[in-house]
Amino acid sequence: MACFFRRRIAAKLGRTLQQSEDAFIPALSAVSVFKKQKTADFKLPISTLRTNGILPSSGDIQLQTENLASQLNQDSVLEDISADRGVIYFTVNRKLLVQKMLEPFGGQEDERFGLNSELFNTLKRGTTLVEYSSPNIAKKFHAGHLRSTFIGNFIANLKRSLGNNVIRMNYLGDWGMQFGLLGAGFGQFGCQEKLKQNPLQHLFEVYVQVNKEAERSEDMKQAARDFFRQLEQRDSQAMSLWQQFREITVHEYQHVYKRLGIHFDVYSGESDHQDQAQEVVQQLQSQGLLKTSEKGTGVVDLCPDGDMSSVCTVLRSDGTTLYITRDVAAAIDRKQKYHFDEMIYVTDKSQANHFHQLFQILLSMGHSWAERCQHVPFGLVQGMKTRTGEVVFLEDVLNEARTRMLDNMSQSKTTKEMENPEDTAEKVGISALIVQDFKGPLLSDYKFDWDRMLQAQGDTGVFLQYTHARLCSLIRRNEGIEAAAFDPSLLLEQTTITILQHLLRYDEVLYQSAQDLQPKHLVNFLLKLCHLIASAHRQLPVKGSPRDVAQARLRLFSRACSVLANGMRILGITPVDKM
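Rules used in this analysis
- Residues numbered from 1 in each chain as written.
- Predicted model: local features only at pLDDT ≥ 70, side-chain atom pairs only at ≥ 80, totals over all residues.
- Heavy atoms only, no water.
- UniProt positions renumbered as here; feature names shortened; annotations may be inferred.
- Domains from an automatic or database assignment.
- Contact = heavy atoms within 4.5 Å.
- Salt bridge = Lys/Arg side-chain N within 4 Å of Asp/Glu carboxyl O.
- Polar contact = N/O pair within 3.5 Å; in protein donor to acceptor, adjacent residues only side chain to side chain.
- Helix = DSSP H or I, 4+ residues; strand = E, 2+ residues; numbered from the N terminus.
- Nonpolar A, V, L, I, M, F, W, Y, C, P; charged D, E, K, R; others polar.
- Patch = residues over 30% accessible without salt bridge, like charges linked within 9 Å, V, L, I, M, F, W, Y side chains within 5 Å.
- Areas by Shrake-Rupley, 256 points an atom, 1.4 Å probe, with all protein chains shown as cover.
- Lys, Arg positive; Asp, Glu negative; His and termini not counted.
- Charge placed at Lys NZ, Arg CZ, Asp CG, Glu CD.
- Pairing = 2+ DSSP bridges.
- Axes fitted to C-alpha atoms, helices over the stretch in contact; angles between N-to-C directions.
- Expected span 1.5 Å × (residues − 1).
- Buried < 20%, exposed > 50% of the residue type's maximum accessible area, 1.4 Å probe, protein only.
- Arc of directions from axis to C-beta.
- Phe/Tyr/Trp six-rings, centres within 6.5 Å; stacked < 30°, edge-to-face > 60°.

Labelled according to an unreviewed UniProt entry, the protein chain appears under the name Probable arginine--tRNA ligase, mitochondrial, originating from Seriola dumerili. What UniProt records for the protein chain under Sequence similarities (unreviewed entry) is the sentence "Belongs to the class-I aminoacyl-tRNA synthetase family."

This is the structure we're talking about:
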């Protein structure tokens with residue numbers, strides 16, 4: 001594995017420069033590979049050693065590079081050491097590379113491949129609370145929530161795989177003035193019979209109608225304010241209607257999450273914190289942080305100079321709380337309840353200022369742990385619609401993905417062999433959605449493209465699933481061939497070496513993803529692995545090869561399959577074994 005070689009190279013550097021070998025571990029990285037090009041395995045930029053004070057920061061860098069390289073001798077682990085343009089390159093003994101990368105682990109240890117790396121020693125482990133998805137009650141799960149759900153699930157999976165205790169929280173938008181509108185609107189436009197037949201669709205229709213009415217009617221706006229005040233005062237009739245809306249919506253959401261293969265440890269909501277929000281207001285007042293604006297609203301001054309040039313409203317003039325007040329209360333409550341070491345919020349980039357203000361208020365109140373709270377923003381999806389219309393709900397998107405995948409799969413000969421083609425189509429369709437979403441930087445907006453997303457060739461989720469299914473089929477067909485021992489000298493072709501060199505980068509890719517919480521690193525690593533496997537399928541046949549050669553090649557394909565499956569699971573993709 002990569003950590004074995006990285007440690008041996010670091011030990012050699014430590015002895016030569018009389019430094020701790022740990023100082024060199026982060027500086028060594030695996031070299032990116034290309035299909036038909038021989039490359040070294042690891043590289044060390046001398047500029048890193050200069051920055052860290054291990055080497056003098058002055059002088060000719062190329063001379064320094066060549067001088068250090070000349071002091072490092074080849075041995076049984078390293079067969080070549082070279083210097084070029086300020087970088088030292090290390091090539092591992094090929095037979096040892098094959099042996100270490102493919103040595104049998106057995107059982108669940110295969111799933112830990114790349115996760116026992118010393119690179120992760122610098123990461124802070126502990127309890128991570130991830131708040132994601134967080135749709136609004138009484139509204140259909142809109143396709144816009146899809147990104148938050150996928151990204152939050154990826155972050156939770158990644159943190160857990162790296163040893164964190166993860167709490168997955170769905171913080172429902174179940175309080176606020178929109179419920180004043182909905183409550184007032186339901187009295188005028190709602191129908192209990194329609195609510196039973198198609199609950200979310202009917203609530204959506206009522207919400208659209210009442211918003212139109214409120215735009216032209218001051219009476220409707222006042223009715224909404226009155227209904228929300230009744231909610232805040234716990235009026236039994238208003239609360240009963242609100243409770244009905246909440247239960248209906250959560251039930252519908254859970255059905256969608258089940259389809260996505262996503263679960264939450266905690267369902268929370270703004271309503272859980274409305275009493276605590278009033279306590280927050282009192283605390284802000286007692287700390288001298290709450291000011292009254294000219295409009296009579298309660299505000300907190302966020303400007304360091306205290307000149308009121310940047311304020312955040314936390315209380316309406318009628319005394320009701322706002323979304324941010326409840327968010328402050330929720331954050332304090334979560335810290336007390338879950339003792340998290342870090343909390344991550346996953347929402348679209350339009351809420352960046354909201355979270356900046358939230359963290360500032362918490363810090364102003366003396367909660368230093370707010371520095372360990374983070375907002376992961378993301379861009380918008382453009383053009384996501386089905387064949388039937390403009391307004392898209394998530395269930396429509398999932399149905400469309402499944403239907404299109406079934407159409408594609410029906411043209412394949414193997415589809416008939418499946419026990420449940422619809423289930424496979426669903427999983428592959430969801431993986432296509434995830435990969436299209438994750439390929440670029442999260443902050444970027446992207447254009448949704450059904451045809452490109454569902455292609456079996458090219459950089460798509462379908463290609464990942466196809467490659468995994470093909471590897472599973474190969475392993476199934478050769479069951480019983482793979483031996484406990486194998487001869488590494490039978491796997492010295494460049495095709496094999498290139499795959500193993502690529503696998504050397506797996507722990508670095510996970511480390512990079514943990515640093516910036518961007519899934520693109522892992523997605524692109526897995527897609528490249530699939531392209532390399534496609535070449536290996538052609539050049540390294542198992543069928544028709546001598547038994548010992550077949551055994552060795554099968555071990556290579558099994559390891560690639562294991563890494564591919566594990567990486568897909570971190571992304572939130574359920575691997576399929578038949579397609």
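We are not done yet, so read on.
A.B. asks: Describe the domain arrangement of the protein chain, listing the residues and the values that go with them.
C.D. replies: Taken domain by domain, the protein chain comprises domain 1 (2–92), domain 2 (127–284 + 327–382) and domain 3 (419–571). Spacing between the C-alpha centres of domain 1 and domain 3 amounts to 29 Å. Contacts between the two partners involve 17 residues from domain 1, matched on the other side by twelve residues from domain 3. For the pair domain 1 and domain 3, the number of links is two salt bridges. Where Asp507 meets Arg6, a salt bridge forms, and the shortest distance between an N and an O atom there is 3.0 Å. Inspection of the domain 1/domain 3 interface yields seven residue pairs in polar contact (both at pLDDT 80 or more). Mapped by element, the contributors of at least two residues to the side of domain 1 that touches domain 3 are helix H1 (2–17) and strand E1 (29–30). Of the residues belonging to the side of domain 1 that touches domain 3, the class tally is nine nonpolar, four polar and four charged.

A.B. asks: Would you mind going over a positive patch on the surface in detail, with residue names and values included?
C.D. replies: On the surface, Arg470, Arg476, Arg477, Arg538, Lys543 and Lys578 cluster together to form a positively charged patch. Within the secondary structure, Lys543 sits in the loop between helix H20 (520–539) and helix H21 (547–571).

A.B. asks: Mind laying out the sheet that holds strand E8 (residues 290–292), listing which residues take part and the relevant values?
C.D. replies: The strand order across the open sheet built from three strands is E8-E9-E10, with neighbouring strands paired in antiparallel fashion. Pairing within the sheet leaves two strands with one partner each, and these edge strands are E8 and strand E10 (311–315). Averaged over all pairs of adjacent strands, the angle between their axes in this sheet comes to 45°, without regard to strand direction. Pairing of E8 with strand E9 (residues 298–301) involves three bridges; the strand directions are antiparallel. Its bridge partner lying in E9, Thr292 is registered against Gly298. Across the sheet, helix H11 (residues 274–286) is in contact with E8, E9 and E10; its angle to E8 comes to roughly 90°.

A.B. asks: Provide a residue-level description of the pairing of strand E3 (residues 78–84), including the pertinent values.
C.D. replies: Relative to strand E4 (residues 87–92), E3 runs antiparallel, the two being bridged by six bridges. Each bridged residue has a counterpart across the sheet, and for Ile81 the counterpart in E4 is Phe90. The antiparallel pairing of E3 with E4 creates a hairpin that spans two residues between the two strands, and Arg85 there sits at a positive phi of about 50°.

A.B. asks: Talk me through helix H9 (residues 218–232); I want residue IDs and the actual numbers.
C.D. replies: Between its first and last C-alpha, H9 extends 21 Å over 15 residues, near the 21 Å set by a 1.5 Å rise per residue. Of all the residues in H9, the buried ones are Met220, Ala224, Phe227, Phe228, Leu231 and Glu232. An end-on view of H9 places all buried positions within 145° of arc, on one side of the element. Where H9 is buried, its residues meet helix H6 (177–189), helix H8 (199–216), helix H10 (236–260), H11 and helix H12 (323–338). Measuring from the backbone nitrogen of Asp219 back to the side-chain oxygen at the start of H9 gives 3.3 Å, which picks out Ser217 as the cap. Immediately downstream of H9, the backbone of Arg234 shows phi near 60°, a positive value.

A.B. asks: Lay out the environment of His263 with the relevant residues and their values.
C.D. replies: Mapped onto the elements, His263 comes out in the loop between H10 and strand E7 (266–269). With a relative accessible area of 45%, His263 lands in the partly exposed category. Setting aside residues up to four positions removed in sequence, His263 forms contacts with Tyr132 and Arg168.

A.B. asks: I'd like a rundown of the packing of aromatic side chains, residues and numbers included.
C.D. replies: This structure, assessed with the given rule, holds 14 aromatic pairs. Relative to Phe5, the ring of Phe4 lies with its centre 5.1 Å away and its plane at 80°, an arrangement referred to as edge-to-face. On the numbers, 6.4 Å between centres and 25° between planes, the contact of Phe113 with Tyr506 is stacked. Here Tyr506 lies in helix H19 (residues 506–516) and Phe113 lies in the loop between helix H4 (94–102) and strand E5 (127–131), a separation of 393 residues in the sequence. For the pair Phe113 and Tyr506, a shared accessibility class is recorded, and that class is buried. Put simply, the rings of Tyr132, Tyr257, Phe264 and Tyr267 pair up and form one aromatic cluster.

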